[in-house]
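Descriptive analysis of the structure
The lines below spell out each chain.
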Amino acid sequence: MLSKVFATLAVVITGSILLYGVTDFPAFGDPKSPASAGVPGSESVSQYFITESYGDTKVPNLVTSVLADYRGYDTMFETVVIFAAGMAIFAILRVVGDEKDSRKKRVEENTFTNGDHSRIIVGTTCRIVVPVIQLFALYVIAHGHHSPGGGFQGGVILGASFIILALSDHLNAALRRFSEKSYTIIAVVGILIYAAFGVVAQLLGANFLDYGVLQPLLFTDGPEMARSHSMLGVEIGVAFTVTAIMFAIYANLSTRGLLRNGL
Amino acid sequence: MILAFDIVILVFLVIAAIISLSVKDLLSASMIYGIYGFLICLLWAEMGAVDVAFTEASVGAGISTVLLVATVFNTKRKSSD
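An account of the accompanying structure is given in this report. (Residues numbered from 1 in each chain as written. Chains lettered and ligands numbered in written order. Predicted model: local features only at pLDDT ≥ 70, side-chain atom pairs only at ≥ 80, totals over all residues. Heavy atoms only, no water.)

**Section: the overall build of chain A**
- Counting secondary structure elements, chain A contains 11 helices and zero strands.
- Its helices and strands taken in sequence order, chain A reads α-α-α-α-α-α-α-α-α-α-α from the N to the C terminus.
- Taken over C-alpha atoms, the radius of gyration comes to 24 Å for chain A, far larger than the 18 Å a tight globule of 263 residues would show.
- Per-residue burial over chain A gives 40% buried out of 263 residues.
- Partitioning the contacts of chain A with sequence separation of at least 6, the portion at a separation of at least 24 is 63%.
- Accessible surface, chain A: about 14700 Å² in total, of which carbon and sulfur atoms supply 68%.
- Charged side chains of chain A number 18 positive and 20 negative; the gap between the two group centres comes to 15 Å. (Helix = DSSP H or I, 4+ residues; strand = E, 2+ residues; numbered from the N terminus. Rg over C-alpha atoms; globule rule 2.2 N^0.38 Å. Buried < 20%, exposed > 50% of the residue type's maximum accessible area, 1.4 Å probe, protein only. Contact = heavy atoms within 4.5 Å. Areas by Shrake-Rupley, 256 points an atom, 1.4 Å probe, with all protein chains shown as cover. Lys, Arg positive; Asp, Glu negative; His and termini not counted. Charge placed at Lys NZ, Arg CZ, Asp CG, Glu CD.)

**Section: the interface of chain A and chain B**
- Tallying the contact residues gives 22 residues for chain A and 16 residues for chain B.
- Three residues, Phe28(A), Gln153(A) and Leu253(A), lead the burial of chain A against chain B; their summed loss comes to 31% of the area buried on that side.
- Seen at the junction of chain A and chain B, the total is zero salt bridges.
- There are six residue pairs in polar contact (both at pLDDT 80 or more) connecting chain A and chain B. (Buried area = accessible area lost by both parts, 1.4 Å probe. Salt bridge = Lys/Arg side-chain N within 4 Å of Asp/Glu carboxyl O. Polar contact = N/O pair within 3.5 Å; in protein donor to acceptor, adjacent residues only side chain to side chain.)

**Notes on empty space enclosed by the protein**
All names here are of chain A.
- Per the stated rule, a full pass over the model turns up one cavity of 30 Å³ or more.
- As for the largest cavity, its lining consists of Met-87, Phe-90, Tyr-183, Thr-184, Ala-187, Ala-244, Ile-245 and Ala-248.
- For the lining of the largest cavity, the secondary-structure elements that each account for two or more residues are helix 5 (72-93), helix 9 (180-203) and helix 11 (223-254).
- The residue makeup of the lining of the largest cavity, split by class, is seven nonpolar, one polar and no charged. (1 Å grid on protein atoms, 1.4 Å probe; cavity = no way out; pocket = protein on both sides within 12 Å on 5 of 7 lines; lining within 4 Å. Points joined across faces, edges and corners; volume = space filled by probe spheres on them. Nonpolar A, V, L, I, M, F, W, Y, C, P; charged D, E, K, R; others polar.)

**Some remarks on the environment of Gly212(A)**
- Position of Gly212(A) among the secondary structure elements: in the loop between helix 9 and helix 10 (215-218).
- A C-alpha to C-alpha distance of 9.4 Å links Gly212(A) and Asp56(A), two positions 156 residues apart in sequence.

Right, dumping it as structure tokens:
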């Protein structure tokens, strides 16, 4: 009881300090705030992105151009963080070999039975919905240049389509289409695709992930279009990793690392 | 920024946060956490950060809820505190 009093007190004090800090923030959308106008004597980064990013990269959605080009290095390691999270969950939960493990005893086969109409309705509906979700996910990945979206969101939606398959039927149905071996390989390949764009740019004499020099390899009109196309390439790499890791996390969490039966 | 819309979302946000922390049934807590994620997504969209809102909708309200539910099914359903 006493610990709860102290916890509440700590939350209240921290919360009031944070709220006090908020009063010093510039107003929402204030054009004179340092983030929008820059500090005296130097140009504002936001102003540069807003006015120049279309000319630099020919990508209308400037969030995508900042994410995948100006801050490409950052995004690459965000993808590595997701990969590392998936691998950590794999390392903690996954049970391999050892038949004596107590968790393996509660395994019972769990398939469709005659007369179980609720499962048939759910299973059929999900089988109709899943292709639509996957098509939308591919659209989100490919259309990230022009509308909100990109590799992370599209990858999560694509991973969610496999999770829906696993939820509606059982995990084996999803694992038959996306096995443990293939999702591990795809997770690694995603990061390698991203890093390959950086390394190839380096080999052609520019900085890591400086896509402009990839122009002769991509057969584009100018370095701007090469940047645009390379961004699509790295988004696809991100989508590979995110899709695989999202499904891997679900598969391991829902079966206590056995990869059998599931919810 | 529409002030009335903001206030409604923020009030529901606080309610969802308090309920998801205080409810004993962990399955309900994770569902309400999903609602919390969706309300934050609305708030991002309303502030014009559409990309962030999209990420929040897919990750925060979508996948996180599923992962929490999967975890609740494999541990125990009642909270002990």
